[in-house]
Amino acid sequence: MTTRRVFLGQVAAGSGVILLPRSLTRLGSSVTAANLFPAIDEDALRRFAVAAIEAARAAGASYADVRVTAGQQFQVHSSWSGGGARPLAPYMSLPSARLGVGIGVRALVDGAWGFAGNDGVTEGMAVECGRTATGFARGNRRRSEPPIVLAAGGATTRGEWSTPIEQDPFSVPIAEQAQLQLEALAGAIHLSGLQKGGVGFSWRRRTQVFASTDGALLTQRFVDANPSVGFEAHARGPSGVVGVGSAEADELASGGYGWETVHANDFARIVRGTAERAIEEARARALPVKDAEVGRYDVVFSAEAMAALLGATVGPALDLERALGFRANQAGTSFLAPPADLVGQYAVAAPAVTIRADRTRRGGFATVAWDDEGTPASETTLVERGVVVDYLTSRETAGELASWYEGRRQPVRSNGACRGAALFAPAVCLPNLTLEGAASGPSTADLIANTKRGFYVEFAHGSADQQLASNQFAIGSGAVREIRQGKLGSPIGDFGVQFITPVFWKNIEALGRAAEARDHLTLADRRALEMMSGNPLHSLLATIRAVPARVRDVNILNVGRTA
Amino acid sequence: MISTDPMLPPGLLTRDACLALAERVFRHFTSEPASLQCASGAHAETQVVRGRVRAVNEGRNVLVTLRVNTAAGRTALVSTSQIDEAGIGDLIHAARVAAGQLVTPTGHSPGLGPQVYPEPPKLCFDSVHVPMSPDGRAAVVAAAQAATERAGVMGNADVRAEFTTFAVLDNAGLSAYRAGSFAECSLTARTKDGKGSGWAWSGFEDWNRVDVDGVVRRAVELCERSAKPVAIEPGRYTVILEPAAVAALLEPMLDWSARKADWGMTPYSRDPLGNNKLGLQMLDSRLQVVADPWDPDKPTGVFTIIGTPIPSKVTWFEDGVLRNLAYDRYYAREKGKFEVVDPSGVRLYGRGETTSLDDMIRSVQRGVWINRLSHVGRLHMRTGLLTGTTRDGVFLIENGKIVKAVKNFRFTESPFFVFNKLEAFGEPVRASREIVAPRMLVRDFDLSSLTDAV
């Protein structure tokens, strides 16, 4: 019998033969995740939705809408740890599954809102939620002047939609999924310096029924995938310094995909490549790195870094609820305010910049056919040639931009940015966003080659402020390289970036080519995360897509101070 | 079994309901280890936006999580929010099928079994039924609306209340249950031109200890006084940090995991080779950081989410020296240490004489008074360097007096630097949901740049 220790010894000795744990050879179960769960009873969801709406109407609501959601989530994860005193063979962690059903009803009485939500649904609960929400709205109306008026555009008919996927991950045997993970791990762990690693597949399917007193009865079936691969490695440098490196795979698409996101790729190659990157980073960190020199420099940001910065700066600043002050007592407001004065007038970015919101894009985490107010999904240009031309709106807020829309002969209607859930009243949240590039734009290599002195930044994240007006963040030495005379140079340590948001976006002097666009996943709304913790069955993510860019005069900090 | 006898809102899982659920589930696992976590909650909220009530919300959540360990040594973790007969049947089925798919058996992991818990502090208060009702919250909202209207400023307020229950049980005899309540009120008052802003918060497990009048008065006053801020040069200033600002700096320090420290993943790491900073002087020698479930200003439960007892308070820092890190039972066994459980929530306080706000202000030649820090993010793991911005009340102090409102700053600081530049401290108060902290007078605080954000 091959013990774990012997197994590790064999692969670590570089025998060239990958031996798998004996348990793998016994795989063959055809049980799928679908076998774990009961079928989602869509008729029941629709019945609950209609009951809630009728109850709200009967209680006096002038308008009401409801979201009834049933969701199922399954996770398969395999890990390996080789850095401690007792190295292990790759093993499958305990599988986990979640089931959930919830309902959220929103009612309007004399222009005032009320909302009631519940985990778990029966017809009686649905009726109670409809009545309770209406009761709250009625009690609230005296203190809620001026009355809320909803913009037109909500659905008034029946409809159905499903995430377009190629293969349902719930139909793939769990053992086959685990085998793919374990074989891929076994193909990577012999690499010298690796400490630990893990691969995971998280699959979710949910059916959401939306109904409203406008006559809408919409059924949407979502499937999404969130595969992950990560490794940590150590390397000792010539001076004895131990560098710690980590890497996560970015080749596997997350979002509205099925099993194809894993199966259509060379998964083992991706896993091994991620392990190699972790080792490279550890080696780089073990070497003496050059410290960041403070000052203003040209910086080339990778596509993923630009996507992260879009999702942390201009994207949420264009949330009309935020710009109108709805979140003043929570996350904050927006520097893009007052919206009615700025829209069509204010240049927030360089003329080359166009930013679109798109909830119809295939594979996006925020992709739908209708948003959670029943507004049909569409593509909306938010920033055109650098100028703010629209905000992310809801039916409640779209009227704030009425004169702008009317001046452009556009209907005054929501552009479909609302999300809601059982315990979360509908609110504007980040949709999928795109920073567009041109087909003939420069490649990342071209952007670097045209930079005399500066830096290349591979990853970014943001630490904004309460109006998203400024940002500051730091990046590890594995993700920053110096650029000298058009060539990549040393890794840079203690590297920080600070900027004023509109100055940064106006200083974009070149955008990369569309073919190099990459996605970054971001939380659609932090408030939603807080309110829905414990309920994993609602979508909280958005997919932000961007191309690489070169930005001039970026303020570089050294974050290595020790006092 | 730990008992509390709160008056819970309907729909929450009482102790008896959790026991009944466990009995229903465990009869399907008579010879195999199984454990159950049962969480439920009811929350209610009234939100005021720009002076008007925008939302009155109420929600109820429930989550039951089953962990099974089959005879073949296979485990699975399954949860559901549907706890009727059919839902629990689905849960059991999913757990059995999922566990059967575990490729690498983990071996038998026996449950904790019966545990002895100390007498818990009171966590659940009937007074929270007042803000749970729309009318109870309406009274608070009306006070905020009246005060902001009188002052001619825009009021943005949240009044929230919640009851929660949590139980962890296993079929080896573990049975722990707690119920808790919490209520809070916060107000951001902004001038109509959006140039000035003031904020205040008060929250507690007992609504009777939530200072609604104080929140309204303080937020409106800070807003009025901050109406016309002027820009001053960024740089290093002596600052007075209000308790909420201290809590914002302290919060990123609360990752007490010894495992992560040994792996080089927190500021408590010496290196990534298994060495941490236990025993090192890391803060001013007057400072203490403790987590005490019986803290009258921040009571918490006496068992963890897996049922491990929390027998006593934990001293993280004593006289500025790192005295403890958290060792779970597996890591403690691996490292030959005693298990140390993180009770959640902390009290930061200074040993010695406290200083009043007036005396702090009087002692400052030139400095800045900071009400709150916001959007705090980490810049450097090893040093704990943070960035973020001041918010909702920043004032210049000159010659012992507050002289004017100033524009907001971005700061670049580490709590491990700040808590070594301590000049004076006040009495600790409940500063956030998880933290009790004092006001502090600190020298050389790095207000590194200006921000236009208000």
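Reading the values: rules and limits
- Residues numbered from 1 in each chain as written.
- Chains lettered and ligands numbered in written order.
- Predicted model: local features only at pLDDT ≥ 70, side-chain atom pairs only at ≥ 80, totals over all residues.
- Heavy atoms only, no water.
- Helix = DSSP H or I, 4+ residues; strand = E, 2+ residues; numbered from the N terminus.
- Rg over C-alpha atoms; globule rule 2.2 N^0.38 Å.
- Buried < 20%, exposed > 50% of the residue type's maximum accessible area, 1.4 Å probe, protein only.
- Contact = heavy atoms within 4.5 Å.
- Areas by Shrake-Rupley, 256 points an atom, 1.4 Å probe, with all protein chains shown as cover.
- Expected span 1.5 Å × (residues − 1).
- Pairing = 2+ DSSP bridges.
- Axes fitted to C-alpha atoms, helices over the stretch in contact; angles between N-to-C directions.
- Parallel < 35°, antiparallel > 145°, perpendicular 65-115°, else oblique.
- Left-handed = near helix turned anticlockwise from the far one by under 90°.
- Nonpolar A, V, L, I, M, F, W, Y, C, P; charged D, E, K, R; others polar.
- Polar contact = N/O pair within 3.5 Å; in protein donor to acceptor, adjacent residues only side chain to side chain.
- Buried area = accessible area lost by both parts, 1.4 Å probe.
- Salt bridge = Lys/Arg side-chain N within 4 Å of Asp/Glu carboxyl O.
- Disulfide = S-S within 2.5 Å.
- Phe/Tyr/Trp six-rings, centres within 6.5 Å; stacked < 30°, edge-to-face > 60°.
- Lys NZ or Arg CZ within 6 Å of the ring centre and 35° of its normal.
- Core = buried A, V, L, I, M, F, W, Y, C linked by side-chain atoms within 4.5 Å.
- Lys, Arg positive; Asp, Glu negative; His and termini not counted.
- pLDDT = per-residue confidence, 0-100.

1. Some details on the overall build of chain B
(1) Moving on: For chain B, the count of helices and strands is 10 helices and 23 strands.
(2) Moving on: Computed over the C-alpha atoms, the radius of gyration of chain B is 25 Å, within 12% of the 22 Å expected from 2.2 N^0.38 for a compact globule of 454 residues.
(3) Moving on: Considering only C-alpha atoms, chain B reaches an extent of 75 × 55 × 35 Å along its principal axes.
(4) Moving on: With 454 residues in all, chain B has 61% of them scored as buried.

2. Focus: the overall build of chain A
(1) Moving on: When you go through chain A residue by residue, the secondary structure sums to 15 helices and 26 strands.
(2) Moving on: Here the C-alpha radius of gyration of chain A, 26 Å, is about what a compact globule of 563 residues would show, namely 24 Å.
(3) Moving on: In terms of overall dimensions, chain A has C-alpha extents of about 75 × 60 × 45 Å along its principal axes.
(4) Moving on: The long-range share in chain A, meaning contacts at least 24 apart out of those at least 6 apart in sequence, stands at 77%.
(5) Moving on: In the structure as shown, chain A presents an accessible area of about 20300 Å², 49% of it carried by carbon and sulfur atoms.

3. Quick word on helix H4 (residues 123–140) of chain A
(1) Moving on: In this model H4 of chain A runs 26 Å from its N-terminal to its C-terminal C-alpha over 18 residues, within 8% of the 26 Å that 1.5 Å per residue would give.
(2) Moving on: Turning to H4 of chain A, its buried residues number three or more, namely Ala126, Val127, Cys129, Gly130, Ala133, Thr134, Phe136, Ala137 and Asn140 of chain A.
(3) Moving on: Contacts made by the buried residues of H4 of chain A are with helix H3 (42–58), strand E3 (96–109) and strand E4 (112–119) of chain A together with strand E2 (52–69) and helix H4 (134–151) of chain B.

4. Notes on the sheet that holds strand E22 (residues 435–437) of chain B
Residues and elements named next belong to chain B.
(1) Moving on: The sheet built from six strands is open, its strands ordered E12-E11-E10-E13-E22-E21 with mixed pairing. Looking at strand neighbours, the two that pair on one side only are strand E12 (321–322) and strand E21 (429–430), the edges of this open sheet.
(2) Moving on: As judged from the two bridges shared by strand E13 (residues 346–350) and E22, these two strands associate in the parallel manner. Along E22, the bridge assignment pairs Val346 with Ile435.

5. Observations regarding the packing of helix H5 (residues 174–186) of chain A against helix H7 (residues 267–286) of chain A
All names here are of chain A.
(1) Moving on: Between H5 and H7, the shortest axis-to-axis distance is 8 Å and the interhelical angle comes to 45°. When the axes of H5 and H7 are compared, the pair comes out oblique. Taken as a pair, H5 and H7 cross one another with a handedness that is right-handed. Here H5 contributes Leu180, Gln181, Ala184 and Leu185 to the contact with H7, which in turn contributes Phe267, Ala268 and Val271.
(2) Moving on: For the contact of H5 with H7, a count of residues per class yields six nonpolar, one polar and no charged.

6. Details of the sheet that holds strand E14 (residues 387–388) of chain A
Residue and element names in this part refer to chain A.
(1) Moving on: Strands sit in the order E14-E13-E12-E17-E25-E24 across an open sheet of six strands; the sheet is mixed. Edge strands, defined here as strands with exactly one partner in the open sheet, are E14 and strand E24 (518–523).
(2) Moving on: Where E24 lies against strand E25 (residues 541–546), six bridges are found, and the strand directions are antiparallel. What sits directly across from Asp519, in E25, is Arg545.

7. Topic: the side chain of Thr367 of chain A
Residues and elements named next belong to chain A.
(1) Moving on: Within the element layout of this structure, Thr367 appears in the loop between strand E12 (355–358) and strand E13 (379–384).
(2) Moving on: In this structure the side chain of Thr367 is engaged in a polar contact, spanning 2.5 Å, whose partner is the backbone oxygen of Arg361.
(3) Moving on: Polar side-chain contacts of Thr367 include one of 3.0 Å to the side chain of Asn432.
(4) Moving on: Each residue touching Thr367, except ones within four places of it in the same chain, is listed here: Trp161, Phe222, Arg359, Thr360, Arg361 and Asn432.

8. Notes on unusual backbone geometry
(1) Moving on: Cis rather than trans, the peptide bond between Ala337 of chain A and Pro338 of chain A has omega equal to 0°.
(2) Moving on: Its location among the elements puts Pro338 of chain A in the loop between helix H10 (320–323) and helix H11 (339–342).
(3) Moving on: Although it is not a glycine, Gln485 of chain A adopts a positive phi angle of roughly 50°.
(4) Moving on: Note on placement: Gln485 of chain A falls in the loop between strand E20 (480–484) and strand E21 (487–493).
(5) Moving on: The phi angle at Asn399 of chain B is positive, at roughly 50°, despite the residue not being glycine.
(6) Moving on: Here Asn399 of chain B lies in the loop between strand E17 (394–398) and strand E18 (401–405).

9. Some thoughts on the interface of chain B and chain A
When the parts of a complex come together, some accessible area is lost, and that lost area is often used as the size of the interface.
(1) Moving on: Every contact between the two is made by 78 residues of chain B and, on the other side, 84 residues of chain A.
(2) Moving on: Across the interface of chain B and chain A, roughly 6500 Å² is buried in total on both sides, 50% from carbon and sulfur atoms.
(3) Moving on: Along the contact surface separating chain B from chain A lie six salt bridges.
(4) Moving on: Across the pair Glu321 of chain A and Arg54 of chain B runs a salt bridge, and its minimum N-O distance is 3.4 Å.

10. A word on the state of the cysteines
Residues and elements named next belong to chain A.
(1) Moving on: Under the criterion given, the structure shown has zero disulfides over all chains.
(2) Moving on: Counting only cysteine sulfurs, Cys418 is the nearest neighbor of Cys129, a cysteine outside any disulfide, at a range of 18 Å.
(3) Moving on: Here Cys429 is not cross-linked by a disulfide; its sulfur's nearest cysteine counterpart is in Cys418, at 7.3 Å.
(4) Moving on: With a relative accessible area of 3%, Cys429 lands in the buried category.

11. Thoughts on the packing of aromatic side chains
(1) Moving on: Tallied over the entire structure, the rule returns 23 aromatic pairs over all chains.
(2) Moving on: Measuring from centroid to centroid gives 4.4 Å for Trp256 of chain B and Trp316 of chain B, while their planes differ by 0°, and the two rings are stacked. Taken together, the residues Trp256 of chain B in the loop between helix H6 (243–250) and helix H7 (258–262) and Trp316 of chain B in strand E11 (residues 314–318) connect sequence positions 60 residues apart. Both residues of the pair, Trp256 of chain B and Trp316 of chain B, count as buried.
(3) Moving on: On the numbers, 5.7 Å between centres and 50° between planes, the contact of Trp369 of chain B with Phe395 of chain B is tilted. In this pair, Trp369 of chain B is assigned in strand E14 (residues 366–370) and Phe395 of chain B in strand E17, connecting sequence segments 26 residues apart. By the burial criterion, Trp369 of chain B is buried, and Phe395 of chain B matches it.
(4) Moving on: Taken together through their ring pairs, the aromatic side chains of Phe301, Phe473, Phe499, Phe504 and Trp505 of chain A make up a single cluster.
(5) Moving on: Lying across the ring of Phe222 of chain A, Arg206 of chain A places its NZ or CZ 4.2 Å from the centre.
(6) Moving on: One cation-aromatic arrangement involves Arg209 of chain B over Phe204 of chain B; the distance from NZ or CZ to the ring centre is 4.0 Å.

12. Things to note about the pattern of salt bridges
Note on pairing: side chains with opposite charge can pair once their charged atoms come close.
(1) Moving on: If you walk through the whole model with that rule in mind, you get 60 salt bridges over all chains.
(2) Moving on: Salt-bridge contacts for Arg204 of chain A lead to Asp224 of chain A; the nearest nitrogen and oxygen are separated by 2.8 Å. Highlighted residues: Arg204 of chain A in strand E6 (residues 194–212) and Asp224 of chain A in strand E7 (residues 217–225), separated in sequence by 20 residues.
(3) Moving on: Under the relative-accessibility criterion, Asp224 of chain A is labelled buried at 9%.
(4) Moving on: Where Arg259 of chain B meets Asp328 of chain B, a salt bridge forms, and the shortest distance between an N and an O atom there is 3.2 Å.

13. Things to note about the nonpolar core
(1) Moving on: Membership of the largest hydrophobic core comes to 100 residues, with the highest contact counts inside it found for Leu36, Phe74, Phe231 and Phe267 of chain A together with Leu36, Cys38 and Leu66 of chain B.
(2) Moving on: The dominant element in this core, judged by the number of residues it contributes, is helix H2 (residues 85–100) of chain B, at eight residues.
(3) Moving on: For Leu36 of chain B, the contacting residues outside a window of four places in its chain are Leu21, Ala22, Val25, Phe26, Val64, Thr65, Leu66, Ala167, Val168 and Leu169 of chain B.

14. Some points on the pairing of strand E8 (residues 228–236) of chain A
Residues and elements named next belong to chain A.
(1) Moving on: Taking burial as the measure, the nine residues of E8 include seven buried ones, the bulk of the element.
(2) Moving on: Relative to E8, E6 is paired through six bridges, and the arrangement is antiparallel. Among the inter-strand pairings, Gly200 is bridged to a residue of E8, identified as Ser228.
(3) Moving on: Examined bridge by bridge, E8 and strand E9 (residues 242–248) share seven bridges and lie antiparallel to one another. For Ala235, the partnering residue across the bridge sits in E9 and is Gly243.
(4) Moving on: Here E8 folds back onto E9, and the loop between the two strands holds five residues, one of which, Gly240, carries a positive phi near 90°.

15. What to know about the packing of H3 of chain A against H4 of chain A
Residue and element names in this part refer to chain A.
(1) Moving on: At a minimum axis distance of 7 Å, the contact between H3 and H4 shows a crossing angle of 35°. Seen from above, H3 lies across H4 with right-handed handedness. On the side of H3, the interface is formed by Arg47, Phe48, Ala51, Ala52, Ala55 and Ala56, while H4 contributes Glu123, Ala126, Val127, Gly130, Arg131 and Thr134.

16. So, the side chain of Lys277 of chain B
Residues and elements named next belong to chain B.
(1) Moving on: Here Lys277 lies in the loop between strand E9 (275–276) and strand E10 (287–291).
(2) Moving on: Buried charge without a salt bridge: Lys277, with Asp271 as the nearest opposite-charge side chain at an N-O distance of 10 Å.
(3) Moving on: When neighbours within four sequence positions are excluded, Lys277 is seen to be in contact with Pro267, Tyr268, Ser269, Arg270, Met282, Leu322 and Arg382.

17. Quick look at the confidence of the model for chain A
(1) Moving on: Summarising the model, chain A shows a mean pLDDT of 89, and 91% of its residues fall at 70 or more.
(2) Moving on: Counting contacts from residues 1–27 of chain A, a segment whose pLDDT is below 50, to residues more than four positions away or on other chains yields 43 contacts.

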